Amino acid sequence: MGSAKNKSSAERKARIEEMRRAEQARERRRRVATITASTVVVAALVVGGVILVRSQSDDSDSADDSKTTGKLVAGADGISTWKGTLSRNHVTKSVTYPVTPPVGGDHQAVWMNCNGDVYTKALKNENAVHSLEHGAVWVTYNSKAPKADVDALAAKVKQTPYTLMSPDEKQADPIMLTAWGHQRTVTGADDPNVDKFLEKFVQGEQTPEKGAACTGGLGQ
């Protein structure tokens, strides 16, 4: 039993390190691309204009016709899963999500940094949802969560790429874990379901944009 547990822990640590290396490589490529683009001012302005037109078009369409349908359904394993379709339009307006914290839907074009980022203030849902689209797990808590649990979860998040953490006083339970299309409540930092959820959903099969960056977005 102990050997199997140690093997699982070692495999998880190796997976986390691999994701961290991949994220660092993507960040280096992003920086090189940014420097290169900055030397071609005219081309950058043209591309920026095209992107702006597309963004405005997308925003207009999504404002009139959101494709999100369905509801969050509780499972026997304690994980609630969205049954239906989650829209993925980029919008500039505020979005009214059917659940808190949201498990997906329309979102803003810029994501919250989610490379083990711990935020001390509530996040704008529209940015955090974009992080979920990139395969991040979002750990949230309210004032009912014990400080010891909050501190322990923060330490865990800081060591785990493709995660982020923030307070959310609007949520129903003290501590909740959210991935794109999935959500569950946990009893505390030592709840074994914390590691199980991270193992399954950090860059998991549910990820709409697997491998997309969790850096280079917004920080608090």
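Structure first, text after, so check above.
The notes below deal with the structure included here. None of the values given here were measured: they were computed from a predicted structure. (Residues numbered from 1 in each chain as written. Predicted model: local features only at pLDDT ≥ 70, side-chain atom pairs only at ≥ 80, totals over all residues. Heavy atoms only, no water.)

### Looking at the side chain of Gln-108
Logical step 1: Structurally, Gln-108 can be placed in the loop between strand E2 (80-85) and strand E3 (115-118).
Logical step 2: For Gln-108, a relative accessible area of 15% translates into the label buried.
Logical step 3: Among all residues touching Gln-108, those that are not within four sequence positions of it are His-90, Val-91, Thr-92, Lys-93, Lys-124, Glu-126, Asn-127 and His-130. (Helix = DSSP H or I, 4+ residues; strand = E, 2+ residues; numbered from the N terminus. Buried < 20%, exposed > 50% of the residue type's maximum accessible area, 1.4 Å probe, protein only. Contact = heavy atoms within 4.5 Å.)

### Points about the side chain of His-107
Logical step 1: Structurally, His-107 can be placed in the loop between E2 and E3.
Logical step 2: Only 2.8 Å separates the side chain of His-107 from the backbone oxygen of Gly-105, close enough to count as a polar contact.
Logical step 3: Side chain to side chain, His-107 and Glu-133 meet in a polar contact 2.9 Å long.
Logical step 4: Non-local contacts of His-107, meaning those with residues more than four positions away in its chain, are made with Arg-88, Asn-89, His-90, Val-91, Tyr-97, Glu-126, Val-129, His-130 and Glu-133. (Polar contact = N/O pair within 3.5 Å; in protein donor to acceptor, adjacent residues only side chain to side chain.)

### With respect to the pairing of strand E7 (residues 182-185)
Logical step 1: Of the strand pairs in this sheet, E2 and E7 are connected by two bridges, and their pairing is antiparallel. Paired with Thr-81 across the strands is His-182, a residue of E7.
Logical step 2: Relative to E7, strand E6 (residues 175-179) is paired through four bridges, and the arrangement is antiparallel. Across the sheet, Met-176 pairs through a bridge with Thr-185, a residue of E7.
Logical step 3: Hairpin connection between E6 and E7: a loop of two residues separates the two successive antiparallel strands, and Gly-181 in this loop has a positive phi of roughly 80°. (Pairing = 2+ DSSP bridges.)

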